[in-house]
Amino acid sequence: MKLLSKLILWLSGWKVVGESPKSLGKFVMVAAPHTSNWDFVYARAAFYIMDIKLKYTIKKELFFFPLGVILKKMGGIPINRSKKKGNMVNQMAEHFKNYKELALMVTPEGTRSYSPEWKKGFYYIALQSKVPIVLGYLDYPKKTAGVGPIIHPTGDVDADIERIKAFYRTITPKYPEKGVK
């Protein structure tokens, strides 16, 4: 997959920048702004190249045959978005207890459409699991995939999320009008 990922990024003119956060062992990876289905392709390829064994949440409705088999092989964890949010936070925190290394990628917007209010589950997963939040990004005009700052949750949710959003305001997604404001 690493070789295929390198080929995909090379053919499309993308490059991976920055250092891999793999040495952290366990972390929540924020993938924002999420404005296109292409985000998954480029981000997943970048993480294969960085040698990060990534898990990611994705709506359970996509786990039908054969797509479900492929998604699971690529690290997909099906989630039922109709259940209470706290339940998902607890489930994901349990994953962190069961793995020596785990990178859990979450898109806080929860959609590819513009969303001024982010879902905060990623934050509570990191806080409950006592792991850092790593800011992954795709900058479309620069054609770069990379990792930005590492945020250690302080418990001040609004202040920490504002710090995270401030970073993402410097990143240009595929559809800028859907980016972080």
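Thresholds applied
Residues numbered from 1 in each chain as written. Predicted model: local features only at pLDDT ≥ 70, side-chain atom pairs only at ≥ 80, totals over all residues. Heavy atoms only, no water. Pairing = 2+ DSSP bridges. Helix = DSSP H or I, 4+ residues; strand = E, 2+ residues; numbered from the N terminus. Patch = residues over 30% accessible without salt bridge, like charges linked within 9 Å, V, L, I, M, F, W, Y side chains within 5 Å. Areas by Shrake-Rupley, 256 points an atom, 1.4 Å probe, with all protein chains shown as cover. Salt bridge = Lys/Arg side-chain N within 4 Å of Asp/Glu carboxyl O. Buried < 20%, exposed > 50% of the residue type's maximum accessible area, 1.4 Å probe, protein only. Axes fitted to C-alpha atoms, helices over the stretch in contact; angles between N-to-C directions. Parallel < 35°, antiparallel > 145°, perpendicular 65-115°, else oblique. Left-handed = near helix turned anticlockwise from the far one by under 90°. Contact = heavy atoms within 4.5 Å. Nonpolar A, V, L, I, M, F, W, Y, C, P; charged D, E, K, R; others polar.

> Break down the pairing of strand S3 (residues 54–59) for me, with residues and values.
Pairing analysis gives three bridges linking S3 to strand S5 (residues 102–106), with the strands arranged parallel. Each residue of the ladder has a partner; that of Lys 55, found in S5, is Leu 104.

> Residue-level account of a nonpolar patch on the surface, with values.
Residues Met 1, Leu 4, Leu 7, Ile 8, Trp 10, Leu 11, Trp 38 and Val 41 make up a contiguous nonpolar surface patch of about 840 Å² in total accessible area. Going through the elements one at a time, helix H1 (2–12) and helix H2 (38–49) are the ones with two or more residues in the nonpolar patch. Here the nonpolar patch takes five residues from H1, the largest share from any one element. Note on placement: Trp 10 falls in helix H1. Judged by its relative accessible area of 64%, Trp 10 is exposed.

> Pulling in residues and values, what's your account of the packing of helix H5 (residues 121–129) against helix H6 (residues 157–168)?
Between H5 and H6, whose axes approach to 11 Å, the crossing angle comes to 115 degrees. For the element pair H5 / H6, the angle class is roughly perpendicular. Where H5 crosses over H6, the two elements pack in a sense that is right-handed. Only Val 157, Asp 160, Ile 161 and Ile 164 of H6 make contact with H5, whose side of the interface consists of Phe 122, Tyr 123 and Tyr 124.

> Before we move on, can you summarise the packing of H1 against H2 with the specific residues and values?
One way to put it is that H1 packs onto H2 with a least axis distance of 8 Å and a crossing angle of 130 degrees. Relative to H2, the element H1 lies oblique. Crossing handedness for the pair H1 and H2: left-handed. From H1, Lys 2, Ser 5, Lys 6, Ile 8, Leu 9 and Ser 12 reach across to H2, where they touch Val 41, Tyr 42, Ala 45, Ala 46, Tyr 48 and Ile 49. Taken together, the residues of the contact of H1 with H2 break down into eight nonpolar, two polar and two charged.

> Account for the environment of Arg 163, naming residues and giving values.
Relative to the elements of secondary structure, Arg 163 occurs in helix H6. Separated by 23 residues in sequence, Arg 163 and Tyr 140 have C-alpha atoms that sit 22 Å apart.

> Go over the pattern of salt bridges with me, naming the residues and quoting the values.
Within this structure, the stated rule accounts for five salt bridges. The residue Glu 94 makes a salt bridge to Lys 97 at a minimum N-O spacing of 3.1 Å. Residue Glu 94 and its partner Lys 97 are both found in helix H4 (residues 85–98); the two are separated by three residues, about one turn of the helix. Looking at Glu 94, the relative accessible area reads 39%, which means it is partly exposed. Overall, Lys 97 belongs to the exposed group, its relative accessible area being 62%. Lys 120 is the salt-bridge partner of Asp 158, the closest N and O atoms lying 3.4 Å from each other. Residue Asp 158 is located in helix H6, and its partner Lys 120 is located in the loop between S5 and H5; the two are separated by 38 residues in the primary sequence.

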